[in-house]
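What follows is the residue order along each chain.
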Amino acid sequence: MTFELDEEYIELYKLLKVMGIAESGAHAKMLIEEGNVRRNGEVETRKRAKIVAGEKIEVGGESITVEAISH
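Just so it is clear, the model here is predicted, and its values are computed rather than measured.

A.B. asks: In this structure, what is going on with the sheet that holds strand β3 (residues 37-39)? I would like to understand it.
C.D. replies: Sheet strands pair by backbone hydrogen bonding; their relative direction is either parallel or antiparallel. Judged by pairing direction, the sheet is mixed, and its 5 strands sit side by side in the order β1-β7-β6-β3-β4 without closing on themselves. Looking at which strands have only one partner, the edges of the open sheet turn out to be β1 (2-5) and β4 (42-43). Of the strand pairs in this sheet, β1 and strand β7 (residues 62-68) are connected by 4 bridges, and their pairing is parallel. In the strand pairing of β7, Thr2 is matched with Thr65.

Next comes the structure, spelled out in structure tokens:
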């Protein structure tokens, strides 16, 4: 999956919600707190981590590549 970033960054829990991996913000935060989310191969436990273009997020077999929208 690819997420097209139209701002400087997106907070991790919002990304999971927008991409449909989490059913809600609370569900996204739970996934992150439990250590189920990897950011560029490393476990990320900060719910509000600023995800920028070029990063790769992995959750339960799903992979999200974050790309900048080219204007």
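More follows now that the structure is in view.
A.B. asks: Explain the nonpolar core here, please?
C.D. replies: Soluble globular proteins tend to pack their nonpolar side chains together in the buried interior. Formed by 20 residues in total, the largest nonpolar core has its most connected members in Phe3, Leu15, Leu16, Val37, Ile51, Ile57 and Ile64. Sorting elements by how many residues they give to this core places helix α1 (residues 12-18) first, with 4 residues. Apart from the residues within four sequence positions on either side, Ile57 is in contact with Leu12, Leu15, Leu16, Val37, Arg38, Arg39, Ile51, Glu62, Ser63 and Ile64.

Conventions and cut-offs
Residues numbered from 1 in each chain as written. Predicted model: local features only at pLDDT ≥ 70, side-chain atom pairs only at ≥ 80, totals over all residues. Heavy atoms only, no water. Pairing = 2+ DSSP bridges. Helix = DSSP H or I, 4+ residues; strand = E, 2+ residues; numbered from the N terminus. Core = buried A, V, L, I, M, F, W, Y, C linked by side-chain atoms within 4.5 Å. Buried < 20%, exposed > 50% of the residue type's maximum accessible area, 1.4 Å probe, protein only. Contact = heavy atoms within 4.5 Å.

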